[in-house]
Amino acid sequence: MSSNLVIFNVHLVDEELDFNGAVYIENGKIKEIFKGEFPTKGKMLLELAEKSFSIEETDFYDGNGLHLMPAFIDMHVHLRYPGQTEKEDLKSGLMAAAAGGVGTLISMPNTNPVVSSPEIARTIEEKAKELNLVNMFQAISITDAFDGKTVENIENASREITPVITEDGRDVLDSGVMLAAMKKAAKKDIIVSCHSEDPTLVPLARKFRTVALQKMEEFSIPSWGVDAEDRKIPAEENSKIDSMLSEANRILAVAEDSYTERNLLLAEIAKCHVHIAHVSTKNSIDAIRRAKKRTHGKYKVSCEITPHHLALCGTFSPELRALVNPPLRSEEDRLALIEALKDGTADVISTDHAPHTLQDKAKGAPGFSGIEVSYAVCNTVLVKQNGFSECELSKLMSAQAARLLKFEKGRLSVGYDADFVLVNPDEEWTVCGKEFYSKGKATPFEGKKLFGKVHATFIAGTRVFNA
């Protein structure tokens, strides 16, 4: 392939741009942005000649009037590598990311074994790079092998290799250990991403979930929030399932809110960049809002919200039965999350893509695949239903994450990496998990009609996905 590429006949959208035009890529970087109508290659050639751009070794790509946006950046993805390749592997996960328009992702360390050292992280990143798909960075655990005690594993960490440390899937119980880790991260300018959840409350919630799961298994009720069949379940059994799940969710809300407050207060002492993962409650959002007002530039507070927490209310079935951590919340919580994205309290949208086999999901494994539907869900919920602009959506899915991670990505600007996604924001389609590139086929959006289709993804000017 040529070292230069021109993508023409597109509508350019980023956090600031919103006009018809074209983009010129040279050696993987954006060389020039053109504003105007360039419906044909001939028109584009005239523009390049007028501005004295060389067309030698230049390829041309007709965007057919689609919207060209910076590729999305996902700060929270489970690739299940190493050790859980029946759920996902590097190739399937990165291909799913490309199909979802995600150009850069941060992979979580709760694998088998746990990724606890920067050396292992570098090895995984090199394996991912060999696939020539999307950019992947490997987070490492806060404590060594999730032992909850040892933080020496982050001594040799660097932002260039491991920009994020996290205990995702759990939280660090010991506040002293968490504070020590935060202080080490602050010195290295590494983000501490917190799965905020009181570990002592999780077993209590699990007891209620277990009772519900036994009933769900008895009546073959899927644990990913899709229940189109008339199963003729006795009313008392339905009531028991929903009661047990609701009680578990109430406990987990307290677990999230209490440790969100704790982690924010510890970060204030450590003056580290704390990133609160998958925020799901109004109380936690309010705590983050207060913390941001307290910072006065002394340290950084950021947070993410998932597409499924934006789109789905978990108060009633079948969504109540879509098992995920943190759980789907009330309509009040859901609306508070949308407002937080609108007023700037919430910084980014991240998927928490958590693929499982259908067998594991049937046994109650929490989480589901989300990276291939994230754009469509957010475009539908935020832009189509709640009045967000496409620029605002691009900011939340690309530019903000790039700034937090200090990457030269996420904007259509000269000098930035030429990572793009071509989308049709008005195209309606129906979600079918069986068609996912991900090995995880379970999704609570199964059968739902969404607006916004990814047509192509480019990394450093090279097309890695084409619908």
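In short, a report on the structure. (Residues numbered from 1 in each chain as written. Predicted model: local features only at pLDDT ≥ 70, side-chain atom pairs only at ≥ 80, totals over all residues. Heavy atoms only, no water.)

So, on to the side chain of D419. Relative to the assigned elements, D419 resides in the loop between α12 (390-405) and β14 (420-430). Setting aside residues no more than four positions away along its own chain, D419 makes contact with M69, P70, A71, T104, N135, K409, F458, I459 and A460. (Helix = DSSP H or I, 4+ residues; strand = E, 2+ residues; numbered from the N terminus. Contact = heavy atoms within 4.5 Å.)

Now for the nonpolar core. Ranked by size, the top nonpolar core spans 94 residues in total, and within it L105, M182, V274, L310, L341, I349 and L382 carry the most contacts. Residue contacts for L105: discarding those within four places in its chain leaves D74, V77, L79, L94, A97, V134, N135, M136, F137 and I371. Within the second largest apolar cluster, 19 residues are counted, among which are L17, V23, F420 and A456. (Core = buried A, V, L, I, M, F, W, Y, C linked by side-chain atoms within 4.5 Å. Buried < 20%, exposed > 50% of the residue type's maximum accessible area, 1.4 Å probe, protein only.)

Moving on to the sheet that holds strand β8 (residues 135-138). Across the sheet, 3 strands lie side by side as β6-β7-β8; this open sheet has parallel pairing. Each of the sheet's edge strands pairs with one partner strand only, and the pair in question is β6 (72-77) and β8. Here the average twist between neighbouring strands, direction ignored, is 15°. Inspection of the sheet shows β6 paired to strand β7 (residues 102-107) by 4 bridges, in the parallel sense. Following the sheet pairing, F72 is matched in β7 by V102. Strand contacts of α12: β6 and β7, with the helix running at about 65° to β6, the strand carrying the most contacts. (Pairing = 2+ DSSP bridges. Axes fitted to C-alpha atoms, helices over the stretch in contact; angles between N-to-C directions.)

The subject of this paragraph is the sheet that holds strand β12 (residues 301-305). Here 5 strands make up an open sheet; going across it, the order is β9-β10-β11-β12-β13 and the pairing parallel. In this open sheet, the two edge strands, each paired with only one partner strand, are β9 (164-166) and β13 (348-349). Bridging between strand β10 (residues 191-194) and strand β11 (residues 274-276) involves 3 bridges; their strand directions are parallel. When the bridges of β11 are listed, V192 appears paired with V274. Strand contacts of helix α4 (residues 175-188): β9, β10 and β11, with the helix running at about 145° to β10, the strand carrying the most contacts.

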